[in-house]
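Spelled out from the first residue to the last, the chains are:
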Amino acid sequence: MNLALIIIIVVAIILAIVSGLGTGLEFLLWVAIIVGVIALIAFLMRVLRKNT
């Protein structure tokens, strides 16, 4: 589970960088934001479940 979260975060960062370089790649920026939010939610759920 931890490795999958790291992979998702890395993909989100790479997509954000690539979409920032090209003006016609705004779609990738939205994909990066969505993937980043999903990774953040998964991370928070994992942390909250671990504390309880």
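Residues numbered from 1 in each chain as written. Predicted model: local features only at pLDDT ≥ 70, side-chain atom pairs only at ≥ 80, totals over all residues. Heavy atoms only, no water.

Points about helix α2 (residues 26-51)
Next, step 1: Look at α2: 38 Å from first C-alpha to last across 26 residues, which is about the 38 Å you get at 1.5 Å a residue.
Next, step 2: Residues Ala32, Ala39 and Ala42 constitute the buried set of α2. (Helix = DSSP H or I, 4+ residues; strand = E, 2+ residues; numbered from the N terminus. Expected span 1.5 Å × (residues − 1). Buried < 20%, exposed > 50% of the residue type's maximum accessible area, 1.4 Å probe, protein only.)

Structural notes on the environment of Ala39
Next, step 1: With respect to the helices, strands and loops of the structure, Ala39 is situated in helix α2.
Next, step 2: Taking the C-alpha atoms as reference points, Ala39 and Ile9, 30 residues apart in sequence, are found 6.2 Å from one another.

A few points about a nonpolar patch on the surface
Next, step 1: Where nonpolar side chains cluster on the molecular surface, the patch consists of Leu29, Trp30, Ile33, Val37, Ile41 and Met45 and spans about 570 Å² of accessible area.
Next, step 2: Here Ile33 shows up in helix α2. (Patch = residues over 30% accessible without salt bridge, like charges linked within 9 Å, V, L, I, M, F, W, Y side chains within 5 Å. Areas by Shrake-Rupley, 256 points an atom, 1.4 Å probe, with all protein chains shown as cover. Salt bridge = Lys/Arg side-chain N within 4 Å of Asp/Glu carboxyl O.)

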